[in-house]
Amino acid sequence: MSANELLLWMTARGQGSWQQFRTATEELHLAGSDSDAVGEDEDDSADQFALPLYQALRLNLQRLGHAEFFAGAGDSDWRIAPPSLAITQYAGGCVGVLAGARSQQLLRQFQVAAASVHLDTLPSPACPDQIRITAGDASTLAAVAASAGLLLQNDAPAAILTCLPPVDNPAVRRRTNLPFGADWKIEQFSHSNLGWRAATRKEALSTTVGLFRFSLRHQRHVLLCTKNSAFQVPAQVGKYLVLSRRRCRVIRYEAVKQRLSVPASCRPPFLVERALILCSGLLPSYEARSAATGFLHYSDIPEAIAGLAYALLRQELR
């Protein structure tokens, strides 16, 4: 059994609960942990292999555009995305990535429709096979999508990134109160070593700008704290906001290789990451380092897309 069967099952159901998703991973012999904790910030991890397998599957399905979970799933805990072909244009041609619902019939239709173009089926750990096609122009890929009955997402990475607010936009944070009580484990994100260090409630109340994590049993709150104020933010958004305030540049783009690299503990917010992944249809590769955190490398990133990502994360493209 594999993640391909999991995607077929999700396609057949359309939507469901978190427990149904967990049960499906267990029945497909994909479960990797007995923990049942859920939340929005499981990607706040130094490397992708530190998570239980069922959480890695959930996050990868989300990053690849196959499904939405929790806040993005409406009234359910998850829902499958419509079958789509996400296109990225390069100087020498176009790449189309198959995303969303995937039935056996759709796969057969897609293979027939793509007979005249180059098709790659690439196995990948902890996610369904990555299926992509390449052609000299977008109109050829559009014809394949129409023949296979797929929605077309033209210039998909740019379309996603141009709809997102930057990390310092007030709309991405919500005012709240600090958790109260002595049992909370409190940590602060360090811009110097890009990890979490032990902290106190007093530090959270007195900091000029800081990102704090409050943990108690299965509860976790990531808060951006300023003098006597606290705001709920997604963990990865908060990290880049703190890094920008401290003028720390952590992203590297190599134009010749068309490769964008980030420290693994500073994985981009998930919609930014989805846009980067859709450029190639491949999850980032992980490079271990002797330091505290390794690096994630995103491949086949056009310079214009890298520029949009830098702007949203308030980094400087050099």
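You'll find the structure just up there.
Everything numeric here is computed off the predicted structure, so don't read it as measured data.

Turning our eyes to something else, we now look at helix H4 (residues 104-113). All of the buried residues in H4 are Leu106, Leu107, Phe110 and Ala113. The buried residues of H4 all sit within an arc of 130 degrees when viewed along its axis, so they share a single face. Facing away from the buried side of H4 by over 90 degrees, the exposed positions are Arg108, Gln111 and Val112. Of the surrounding elements, those touching the buried residues of H4 are strand S4 (84-90), strand S5 (93-99), strand S6 (118-124), strand S7 (127-135) and helix H5 (138-148).

Phi is positive for phenylalanine 70, close to 55 degrees, though the residue is something other than glycine. Position of phenylalanine 70 among the secondary structure elements: in the loop between strand S2 (67-69) and strand S3 (78-80). Owing to a relative accessible area of 15%, phenylalanine 70 belongs among the buried residues under this scheme. Of note in the backbone geometry, aspartate 155 takes a positive phi value of approximately 50 degrees without being a glycine. Structurally, aspartate 155 can be placed in the loop between strand S8 (151-153) and helix H6 (156-161).

Here we have 5 strands laid out as an open sheet, ordered S6-S7-S5-S4-S8, and mixed in their pairing. On the outer flanks of this sheet lie S6 and S8, each paired with one strand and no other. Across the sheet, the mean angle separating the axes of adjacent strands is 25 degrees when strand polarity is ignored. Pairing of S4 with S5, which is carried by 7 bridges, proceeds in the antiparallel orientation. Among the inter-strand pairings, glutamine 89 is bridged to a residue of S5, identified as cysteine 94.

Counted by the stated rule, this structure contains 0 disulfides. Of all cysteine sulfurs, the one in cysteine 248 lies closest to cysteine 266, which takes part in no disulfide; the gap is 9.3 Å. For cysteine 266, a relative accessible area of 0% gives the class buried.

Here we take up the packing of helix H2 (residues 18-27) against helix H3 (residues 53-63). One way to put it is that H2 packs onto H3 with a least axis distance of 10 Å and a crossing angle of 115 degrees. As summarised for this structure, H2 and H3 are arranged roughly perpendicular, according to the angle between their axes. Between H2 and H3 lies a crossing whose hand is right-handed. Of the residues in H3, those in contact with Trp18, Phe21, Arg22 and Thr25 of H2 are Tyr54, Gln55, Leu57, Arg58 and Leu61.

This part is about the environment of cysteine 94. Among the structural elements, cysteine 94 can be located in strand S5. Owing to a relative accessible area of 5%, cysteine 94 belongs among the buried residues under this scheme. A sequence separation of 47 residues divides cysteine 94 from leucine 141, and the C-alpha atoms of the two residues are 7.9 Å apart. Not counting residues within four places of it along the chain, the set of residues in contact with cysteine 94 comprises Ile87, Thr88, Gln89, Ile133, Thr134, Ala135, Asp137, Ala138 and Leu141.

Moving on: the pairing of S4. The buried count for S4 comes to 6 of 7 residues, which makes it a mostly enclosed element. Counting the residues in the hairpin turn of S4 and S5 gives 2 residues. In this sheet, S8 lies alongside S4 in parallel orientation, the contact comprising 3 bridges. Residue pairing for S8: serine 84 is matched across the bridge by leucine 151.

Judged by nonpolar contacts, the single largest core of 48 residues is most densely connected at Tyr240, Leu243, Ile251, Leu260, Leu276, Tyr298 and Ile301. Element by element, the count of residues in this core is highest for helix H8 (residues 235-245), at 6 residues. Once residues within four sequence positions are removed from consideration, isoleucine 301 is found in contact with Tyr253, Gln258, Leu260, Leu276, Cys279 and Ala306. Leu85, Leu141, Ala145 and Ala148 belong to the second-largest nonpolar core, a separate cluster that totals 19 residues.

With that out of the way, let us pick up the side chain of threonine 88. The topology assignment puts threonine 88 in strand S4. Looking at threonine 88, the relative accessible area reads 3%, which means it is buried. In this structure the side chain of threonine 88 is engaged in a polar contact, spanning 3.4 Å, whose partner is the backbone oxygen of leucine 278. Excluding its chain neighbours within four sequence positions, the residues that come into contact with threonine 88 are Gly93, Cys94, Val95, Pro157, Leu278, Cys279 and Pro302.

Position of glutamate 254 relative to the elements: it lies in strand S15 (residues 252-254). Separated by 54 residues in sequence, glutamate 254 and threonine 200 have C-alpha atoms that sit 40 Å apart. Once residues within four sequence positions are removed from consideration, glutamate 254 is found in contact with Arg259 and Ser261.

Rules of the game
Residues numbered from 1 in each chain as written. Predicted model: local features only at pLDDT ≥ 70, side-chain atom pairs only at ≥ 80, totals over all residues. Heavy atoms only, no water. Buried < 20%, exposed > 50% of the residue type's maximum accessible area, 1.4 Å probe, protein only. Helix = DSSP H or I, 4+ residues; strand = E, 2+ residues; numbered from the N terminus. Arc of directions from axis to C-beta. Contact = heavy atoms within 4.5 Å. Pairing = 2+ DSSP bridges. Axes fitted to C-alpha atoms, helices over the stretch in contact; angles between N-to-C directions. Disulfide = S-S within 2.5 Å. Parallel < 35°, antiparallel > 145°, perpendicular 65-115°, else oblique. Left-handed = near helix turned anticlockwise from the far one by under 90°. Core = buried A, V, L, I, M, F, W, Y, C linked by side-chain atoms within 4.5 Å. Polar contact = N/O pair within 3.5 Å; in protein donor to acceptor, adjacent residues only side chain to side chain.

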